[in-house]
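Structure at a glance
What follows is the residue order along each chain.
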Amino acid sequence: MMRRCPWDGVVFIWFFNLPLLYPLCYNGQETGSGLWGGWMQEALFRKARAGNINRGKGYMNKTGKRILFGKILALAILTSLVLGVNGGCGRPAEPAAIRVGGLKGPTTIGLVFLQEWSVQGQASQTYTFTMAAAAEELLSLLVKEELDIALLPANVASVLYNKTEGGVTVIDVNTLGVLYLVSGDREITGPENLRGRTVYLTGKGTTPDYVLQYLLRANGIDPSSCVLEYRSESAEVAALLEQYPQALGLLPQPFATAACAQNQALNIVMDLNEQWNLVQGEEGHRMVTGVTLVRNGFLQEHPEAVETFLQDHAASVTAIREDPDGGARLVAAAGIVAGESVAREALPYCNITYLEGEEMRQALAGYLQVLFEQDPLAVGGALPGEDFYHIP
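Values in this document were obtained by computation on a predicted structure and should not be read as measured data.

About the criteria used
Residues numbered from 1 in each chain as written. Predicted model: local features only at pLDDT ≥ 70, side-chain atom pairs only at ≥ 80, totals over all residues. Heavy atoms only, no water. Salt bridge = Lys/Arg side-chain N within 4 Å of Asp/Glu carboxyl O. Buried < 20%, exposed > 50% of the residue type's maximum accessible area, 1.4 Å probe, protein only. Helix = DSSP H or I, 4+ residues; strand = E, 2+ residues; numbered from the N terminus. Arc of directions from axis to C-beta. Contact = heavy atoms within 4.5 Å. Axes fitted to C-alpha atoms, helices over the stretch in contact; angles between N-to-C directions. Parallel < 35°, antiparallel > 145°, perpendicular 65-115°, else oblique. Nonpolar A, V, L, I, M, F, W, Y, C, P; charged D, E, K, R; others polar. Pairing = 2+ DSSP bridges.

**Looking at the pattern of salt bridges**
For the structure on display, the rule yields eight salt bridges. Arg 231 is the salt-bridge partner of Glu 229, the closest N and O atoms lying 3.8 Å from each other. Here the salt bridges share partners, and the residues they tie into one network are Arg 99, Asp 148 and Arg 295.

**Describing helix α9 (residues 234-243)**
Among all positions in α9, only Ser 234, Val 237, Ala 238, Leu 240 and Leu 241 are buried. For α9, the angular spread of the buried residues around the axis is 160°, confining them to a single face. Looking at the buried positions of α9, the neighbouring elements they touch are β5 (179-183), β6 (198-202), β7 (227-231), β8 (248-252) and α10 (255-262).

**Focus: the packing of helix α7 (residues 154-163) against helix α16 (residues 357-374)**
Across the interface, α7 lies against α16 with an axial gap of 10 Å and an inter-helix angle of 85°. By the criterion of interaxial angle, the relationship of α7 to α16 is roughly perpendicular. Across the interface between the two elements, Ala 154, Asn 155 and Ser 158 of α7 pack against Leu 364, Tyr 367, Leu 368 and Leu 371 of α16. In terms of residue class, the contact of α7 with α16 is built from five nonpolar, two polar and no charged.

**Topic: the sheet that holds strand β1 (residues 98-103)**
The six strands lie next to each other as β2-β1-β3-β10-β4-β11, forming an open sheet whose pairing is mixed. Looking at strand neighbours, the two that pair on one side only are β2 (127-132) and β11 (352-355), the edges of this open sheet. Each strand axis lies, on average, 25° off the axis of its neighbour in the sheet, ignoring direction. Judged from the seven bridges that link them, strand β4 (residues 168-176) and strand β10 (residues 288-295) form a sheet pairing that is antiparallel. Residue pairing across strands places Val 168 opposite Arg 295, the latter belonging to β10.

Next comes the structure, spelled out in structure tokens:
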């Protein structure tokens with residue numbers, strides 16, 4: 001919604017009230033002609049006859065001064081009210097609240113301090129937060145413009161960019177590699193041990209699926225030699241592992257740590273982020289798990305609000321690094337995991353980060369390139385253009 005220009009009101013106020021001030025300021029000189037000249041002169045004589053203005057050299061008596069002061073004060077107040085209420089010409093009204101959505105997991109962990117500041121009224125602007133168990137829920141809200149900003153898996157962000165024909169922009173990277181293989185089978189030491197085994201993981205065509213298949217191929221293993229069993233949520237994989245400890249489950253943090261805490265027979269047997277880095281080498285691309293998206297309509301209307309969010313997000317990430325105990329308390333309170341002790345143990349493995357600008361673009365573009373080379377559908381059929389990346 002566009003604001004009406006407040007100067008329209010100011011001009012209106014002064015245009016129709018200025019003639020009422022001029023006669024009070026008469027000092028015996030000619031009022032002149034023009035738009036108001038004749039009217040002012042006639043009004044002056046009427047006031048002179050009424051005794052409000054002295055003749056001769058001309059000066060204002062006490063009554064005239066009081067009237068003049070009162071009118072000027074009233075006009076000044078009206079002017080300040082018009083400018084104060086409207087705030088600017090042709091600028092969009094600031095949103096009542098910035099609507100932010102995150103997933104139940106690492107992406108939201110980086111926001112917990114900002115959520116706390118918002119509840120306490122200490123945030124720099126007003127926010128509402130939505131936490132979802134699946135990316136599809138947030139995608140639906142974003143497309144329907146019921147969210148302004150969403151924290152989503154990196155490849156899902158690229159898919160949405162392609163589906164909306166460039167309707168979203170990535171503003172930061174919030175999470176790096178967080179995938180771990182959990183099992184009670186201690187003989188699992190690397191990808192080569194997965195040949196012929198069944199692995200339980202979430203979502204076909206999601207980040208865990210693409211990363212696992214990439215690592216299998218990179219280690220000379222045909223993914224078809226493994227049985228990949230998909231579940232809708234991490235909680236389902238964790239429940240299955242609790243029942244069958246010798247099974248293999250691919251889980252993100254903090255759910256990998258939570259599963260091990262609930263069943264002493266389970267252990268983290270493989271860090272997929274570590275395996276990714278071994279394949280990529282020192283000059284390769286990092287695994288980028290989570291990014292932060294904004295609707296382009298919101299970004300164009302409220303660029304300052306988006307920049308403020310970025311500052312708040314960075315501060316929240318810094319806070320959880322500097323105060324992991326406080327962060328664990330907030331993570332448990334948000335219902336992301338059950339218990340502060342589990343949250344505290346999981347935090348070092350969650351790879352919470354904050355990358356923006358060119359560093360963000362290089363990390364994300366490289367990761368998407370790896371996925372694209374494996375399967376173009378992983379990123380929505382095509383790599384996103386440069387307008388996908390928010391470079392202030």
